[in-house]
Amino acid sequence: MSQRRYVNGRPSGTDGSDFSFRMVVDSRYQKVADGKSRLCRLILTQGFIQFLAAVILFLPTLEGATLDRLSASSSLIFFASLLVGELGRKRSRVNLLKLYLFGSSVAAIISIVCLLKSEKAIEIIKDLNIWEASKIELVKITSVLLGLLVQILTIGVLTSLIRNMAPPKRAS
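Nothing here was measured: the structure is a model prediction, and the numbers come from that model.

## Notes on the overall build of the chain
Link 1 in the chain: When helices and strands are tallied, the chain shows 5 helices and 0 strands.
Link 2 in the chain: The N-to-C order of helical and strand elements in the chain reads α-α-α-α-α.
Link 3 in the chain: Here the chain, with 172 residues, has 32% of them falling under the buried criterion.
Link 4 in the chain: When contacts within the chain are restricted to residue pairs at least 6 apart in sequence, those whose partners lie at least 24 apart make up 71%.
Link 5 in the chain: Here the chain has roughly 12600 Å² of accessible surface; of this, 62% comes from carbon and sulfur atoms.

Pasting the structure below:
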């Protein structure tokens, strides 16, 4: 076998006139890759926030308090939707991503309802001077609000990602 010689300049076999026949990668593929990368970071952030919320949820049960079933169901829905979202992100499945969007939004709404239903949380929100009395409740409020903020960002990223994953519309 003969060795190839590398010559500076244009490769052999072309004079540069074949430029118009070369394939161009559509920009939506780059947008999909960027969206999947951002979604991965958002899913990890949501997972950390929900883990923190679950620890705070189960912490009072160690002292003998009862478990709030609505908050527990919110955490369970959130973790299940995070698994579905990660699976949909890895496999580029739009239906799984839509299910993740629905499940995580429902879980976020349930956690907000639980927060508004809590009398201690409402007292802390109204009078911030008593936050030292219940630091656990303050962390719970913070985790719900951070979860809501990340959920809003996730909705934006997911709608853009799903739009870019859809095949382009053909002009008739």
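## Quick look at the nonpolar core
Link 1 in the chain: Counting residues in hydrophobic clusters, the biggest one holds 18 residues, and the most contacted among them are Leu39, Leu97, Tyr100, Leu158 and Leu161.
Link 2 in the chain: Listing elements by their share of this core, those giving two or more residues are helix 1 (27–58), helix 2 (69–91), helix 3 (94–117) and helix 5 (135–165).
Link 3 in the chain: Top contributing element to this core by residue count: helix 5, with 6 residues.
Link 4 in the chain: Beyond its immediate stretch of four places on either side in the chain, Leu39 contacts Arg89, Leu97, Tyr100, Thr154, Val157, Leu158 and Leu161.

## Observations concerning the environment of Gly85
Link 1 in the chain: For Gly85, the position within the fold is in helix 2.
Link 2 in the chain: Apart from residues no more than four positions distant in its own chain, Gly85 is found in contact with Ile43, Leu97 and Tyr100.

## Here's the deal with the packing of aromatic side chains
Link 1 in the chain: One pass over the full model with this rule turns up 0 aromatic pairs.
Link 2 in the chain: Cation over ring: Arg28 sits above Tyr29, and NZ or CZ is 4.8 Å from the ring centre.

## Some remarks on the packing of helix 3 against helix 5
Link 1 in the chain: The contact between helix 3 and helix 5 brings their axes to 10 Å, and the two run at 160°. Comparing the axis directions of helix 3 and helix 5 gives the class roughly antiparallel. Considering only the axes of helix 3 and helix 5, their crossing is left-handed. Touching Val94, Leu97, Lys98, Tyr100, Leu101, Ser104, Ser105, Ala108, Ser111, Ile112 and Leu115 of helix 3 are Ile141, Val144, Leu148, Gln151, Thr154, Ile155, Leu158, Leu161, Ile162 and Met165, all from helix 5.

## Notes on the UniProt feature "transmembrane region" (unreviewed entry) in the chain
Link 1 in the chain: UniProt feature "transmembrane region" (unreviewed entry): in the numbering of this structure it lies at residues 39–58, 70–87, 99–118 and 138–162.
Link 2 in the chain: The span residues 39–58 shows a helical share of 100% and a strand share of 0%, and its end C-alpha atoms are spaced 28 Å apart.
Link 3 in the chain: What you have in residues 138–162 is 100% helix and 0% strand, and the ends, taken at the C-alpha atoms, are 36 Å apart.

## Looking at the layout of surface pockets
Link 1 in the chain: Approximately 390 Å³ is the volume found for the largest pocket.
Link 2 in the chain: At the level of secondary structure, the elements contributing two or more residues to the lining of the largest pocket comprise helix 1, helix 3, helix 4 (119–126) and helix 5.
Link 3 in the chain: Residue contributions to the lining of the largest pocket peak at 3 residues, all from helix 5.
Link 4 in the chain: Partitioning the lining of the largest pocket into residue classes produces 7 nonpolar, 3 polar and 6 charged.

## A closer look at empty space enclosed by the protein
Link 1 in the chain: In this structure the tally under the stated criterion is 1 cavity of 30 Å³ or more.
Link 2 in the chain: Roughly 220 Å³ of internal volume is contained in the largest cavity.
Link 3 in the chain: In terms of lining, the largest cavity is formed by 16 residues, of which the most central are Gln50, Ala53, Ser75, Ser111 and Val144.
Link 4 in the chain: Secondary structure elements with two or more residues in the lining of the largest cavity: helix 1, helix 2, helix 3 and helix 5.

## A few points about a nonpolar patch on the surface
Link 1 in the chain: A cluster of nonpolar side chains, Phe51, Val55 and Phe79, forms an exposed patch at the surface whose accessible area comes to about 260 Å².
Link 2 in the chain: Structurally, Phe51 can be placed in helix 1.

Rules behind the numbers
- Residues numbered from 1 in each chain as written.
- Predicted model: local features only at pLDDT ≥ 70, side-chain atom pairs only at ≥ 80, totals over all residues.
- Heavy atoms only, no water.
- Helix = DSSP H or I, 4+ residues; strand = E, 2+ residues; numbered from the N terminus.
- Buried < 20%, exposed > 50% of the residue type's maximum accessible area, 1.4 Å probe, protein only.
- Contact = heavy atoms within 4.5 Å.
- Areas by Shrake-Rupley, 256 points an atom, 1.4 Å probe, with all protein chains shown as cover.
- Core = buried A, V, L, I, M, F, W, Y, C linked by side-chain atoms within 4.5 Å.
- Phe/Tyr/Trp six-rings, centres within 6.5 Å; stacked < 30°, edge-to-face > 60°.
- Lys NZ or Arg CZ within 6 Å of the ring centre and 35° of its normal.
- Axes fitted to C-alpha atoms, helices over the stretch in contact; angles between N-to-C directions.
- Parallel < 35°, antiparallel > 145°, perpendicular 65-115°, else oblique.
- Left-handed = near helix turned anticlockwise from the far one by under 90°.
- UniProt positions renumbered as here; feature names shortened; annotations may be inferred.
- 1 Å grid on protein atoms, 1.4 Å probe; cavity = no way out; pocket = protein on both sides within 12 Å on 5 of 7 lines; lining within 4 Å.
- Points joined across faces, edges and corners; volume = space filled by probe spheres on them.
- Nonpolar A, V, L, I, M, F, W, Y, C, P; charged D, E, K, R; others polar.
- Patch = residues over 30% accessible without salt bridge, like charges linked within 9 Å, V, L, I, M, F, W, Y side chains within 5 Å.
- Salt bridge = Lys/Arg side-chain N within 4 Å of Asp/Glu carboxyl O.

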